[in-house]
Amino acid sequence: MEIKSAVPRRRFDTLVIGAGGGGLRAALQLSQAEATVAVVSKVFPTRSHTVAAQGGINAALGNIGPDNWHWHMYDTVKGSDYLGDQDAIEYMCRAASRLVVELEHAGVPFSRLDNGKIYQRAFGGQSQNFGGEQAARTCAAADRTGHAILHSLYQQNIRAKTHFFDEYYAIDLIKDDEGYILGAVVLEIETGEPLVIEAKTTLIATGGVGRLFRNNTNARINTGDGMGMVLRAGIPLEDMEFFQFHPTGIAGKGMLISEAVRGEGGYLLNKDGERFMERYAPKAKDLASRDVVSRAIATEVREGRGCGPEGDYILLKVDHLGDEVINKRLPGIRDMVKTFLHIDPSKQDIPVFPNAHYTMGGIPTNRYGEVVTGVNGAEDVVPGLYAVGECACVSVHGANRLGGNSLLDIVVFGRAAGNRIIEYLGEQRYHRPVSDSAVERALARLARWDQKGDGESVAQLRNDLQRAMEHYCGVFRTEDVLREGLEKVRQIERRLPDARLQDHSKVFNTARIEAFELENLVDAGLATVSAALARHESRGAHSRIDYPARDDVNWLKHSLYFKEGGRLDYKPVRLQPLTVEPFPPKARVY
Amino acid sequence: MRFSIYRYNPETDREPRMQPFELEVAPGMMLLEGLLILKQADETLSFRHSCGEGVCGSDGMNINGRNGLACITPLAGLKEPVEVRPLPGMPVIRDLVVDLSQFYHQYRSVKPWLTVHEPETEVEYRQSPAERDKLDGLYECILCACCSTACPSFWWNPDKFRGPAALLQAYRFLADSRDQATAERLSDLEGPYRLFRCHTIMNCVEVCPKGLNPTKAIGEIKELMLKHMI
């Protein structure tokens, strides 16, 4: 008991876990409203994965040609394969222009058109007039848009005097007996010492879980930490079976080649030099939505039309764009291809293959960023808990996210959650008491890894998990393979308690952090495979060979996975927008 | 391939040492991949890393005497044994992890945010492509600290000299046609240390993994100061 009461405590109005674009946008809103905000991040804020977003952020500014938010909404609903919640999608698309202008005012160095307005480029799944001509809706800072946005948001937070806990790792949420979330127990990585952060409101903005898969475009920090925390708090994860495979990762290596390359006019070729996307998406071709292009590439390779000695990749042709477009619009891609492939994209084609990229599913929230639980249409708000960004599932992306909508998602809902929290803080004048027992639960998680002795290593289990997820839960799925995959991941879960750390030091012990991350990865993996096995249809990124069609009669619903017993439940899709007519499900053709 | 890696754990080591490692490397392998394999065998080896593609700026370290990012430093062509040390001049927390507090403090001190005094418009501020081009080579900084920790002036006066990374950011806002705080920014950099400790040694330019040129930016700031004095 002595040790427990010795854990120091800090108190803030709001605790934000994660310092990517979502967390920083929310923190900015709160700091400007003079709430006290603590941002906890396991890496220095500008190292968060938002920094790696390349192509841009969608908003119907109409700087290139006619555009409006309603067309953007249609494209997003269609892109989601009708699983997106239309109230949230309307809210996001309506807010987009304002939020992009706000980012520009915050300093984001967007590329420019001759008239001085923000440069916009074409991206996949974008249309004018509800499925007509290609639109150009993606606002870009060359091909470093995420970097530009993340740095600007961090800079504005410094100005607003947001309080940062850099290199602190969140262990678990603190929940009282009435279900209120009251902050979190965190670990200072540099010293290895725990700290209790008490907060009236807690916002999770910890990003996605791309590290579940062996070949992925994600940073090593993307381990689903927030998802693991909510599962352990008894809250479900929504729609985890929908995992986006980005069509153009560098083959065999995983680094992302932005959709901007195709937006600027690049296209895909198979070994016969055929522009094969014309067969799969006659109208949109290479700018069909990502699930469609990824399946097309995987199919070309499966059917023996892949390139290279092993026939295991497809070529992305860029050289016809010319040096000026490449240097001006795609300089980051040019440098990356030169660094990792030693080729010059203005002279040679880039070998690409689909790579795990984005978690459509996540912590269930409403359009205010409040975490909601409950099934069958009941949406009970978890008091004090909010989530935004890739870790959350609003759901604006449904079964498939459109390129350029993730940067939009984080700023729109970061701001919305900030505003909702300000309202809640107005009602909750005082901190609720945090009992020692609530803190102890989180500390137990910490103590578990202090066990010494022999056992499997964290790295071994993580490698096995990533291989299992890739092999059993990839682009194409079937009942038998998924069933086997679920058993594999469950085996890994059963091996986990016997894993041991060799390094028990306190100071900057990254091995210990990786152990916590592994626990979160395993939970997210179980959620993903379980939900994928249960969903007997193909929709968006979830492609079942044994159930090739979308089934709106039985499956137009969100899945909810609970950690306890690996139970699944479902809730309806919100098909009613805020002000406009709904877009009813129809056949999805590009 | 043979490595010699700086090891120091303050809980157990009285002083740092260089530890030899050996590793079979695959063609095209980057230093970060090598370090990650070594860490699987010895999980006590500590270093920062994340994106693995040179955009997050986590894994700055000193490689055969030169600062760089481990994730975009190819092992092929490095002289053996590859000597890997923490970024120089900063307090070492453990192994290759350094305390960058002073580096970040200097960054924050240049007020690196866009400042506009006019009332905000409901649309974007206009900026011509030529004006926007002036930000190229400035905004791309990833705060990896390779430059500032390669700078002798920063080693001697990390508390007073802003250092190349922070000064590059100072100029990023001075060069922005939208920014209206030129006079304040320039006056904040006056005095013998903050800006003028730069002796154009150009280590920063030499090591920047993003190919940026802080020395040039510092020169531009000096020129702006001169103009403002006249």
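A few points about the sheet that holds strand β4 (residues 66–69) of chain B
Residue and element names in this part refer to chain B. A sheet is described by the order of its strands in space; here five strands give the open sequence β2-β1-β5-β3-β4, paired in mixed fashion. Both outer strands of the open sheet, β2 (17–22) and β4, are each paired with one neighbouring strand and no more. Across the sheet, the axes of successive neighbouring strands diverge by a mean angle of 35°, strand direction being ignored. When strand β3 (residues 60–63) meets β4, the two strands line up antiparallel, connected through four bridges. Paired with methionine 61 across the bridge in β4 is glycine 68.

A word on the side chain of Arg367(A)
Residues and elements named next belong to chain A. Within the secondary structure layout, arginine 367 lies in the loop between β15 (363–364) and β16 (370–373). In this structure the side chain of arginine 367 is engaged in a polar contact, spanning 3.0 Å, whose partner is the side chain of tyrosine 368. With residues up to four places along the chain from it excluded, the contact list for arginine 367 reads Asp87, Ala88, Tyr91, Val394, Phe413, Ala416 and Leu578.

Observations regarding unusual backbone geometry
All names here are of chain A. The omega angle of the peptide bond from valine 394 to serine 395 is 5°, so this bond is cis rather than trans. Residue placement: serine 395 occurs in the loop between β18 (392–393) and α12 (405–427). Of note in the backbone geometry, phenylalanine 130 takes a positive phi value of approximately 60° without being a glycine. With respect to the helices and strands, phenylalanine 130 occurs in the loop between β4 (120–127) and β5 (134–139). The phi torsion at glutamate 167 lies on the positive side, around 60°, for a residue other than glycine. Within the secondary structure, glutamate 167 sits in the loop between β6 (163–166) and β7 (168–175). Residue glutamate 167 is classed as buried on the basis of its relative accessible area, which comes to 16%.

Thresholds, definitions, all that
- Residues numbered from 1 in each chain as written.
- Chains lettered and ligands numbered in written order.
- Predicted model: local features only at pLDDT ≥ 70, side-chain atom pairs only at ≥ 80, totals over all residues.
- Heavy atoms only, no water.
- Pairing = 2+ DSSP bridges.
- Helix = DSSP H or I, 4+ residues; strand = E, 2+ residues; numbered from the N terminus.
- Axes fitted to C-alpha atoms, helices over the stretch in contact; angles between N-to-C directions.
- Polar contact = N/O pair within 3.5 Å; in protein donor to acceptor, adjacent residues only side chain to side chain.
- Contact = heavy atoms within 4.5 Å.
- Buried < 20%, exposed > 50% of the residue type's maximum accessible area, 1.4 Å probe, protein only.

That's the geometry; what it means functionally is another story.
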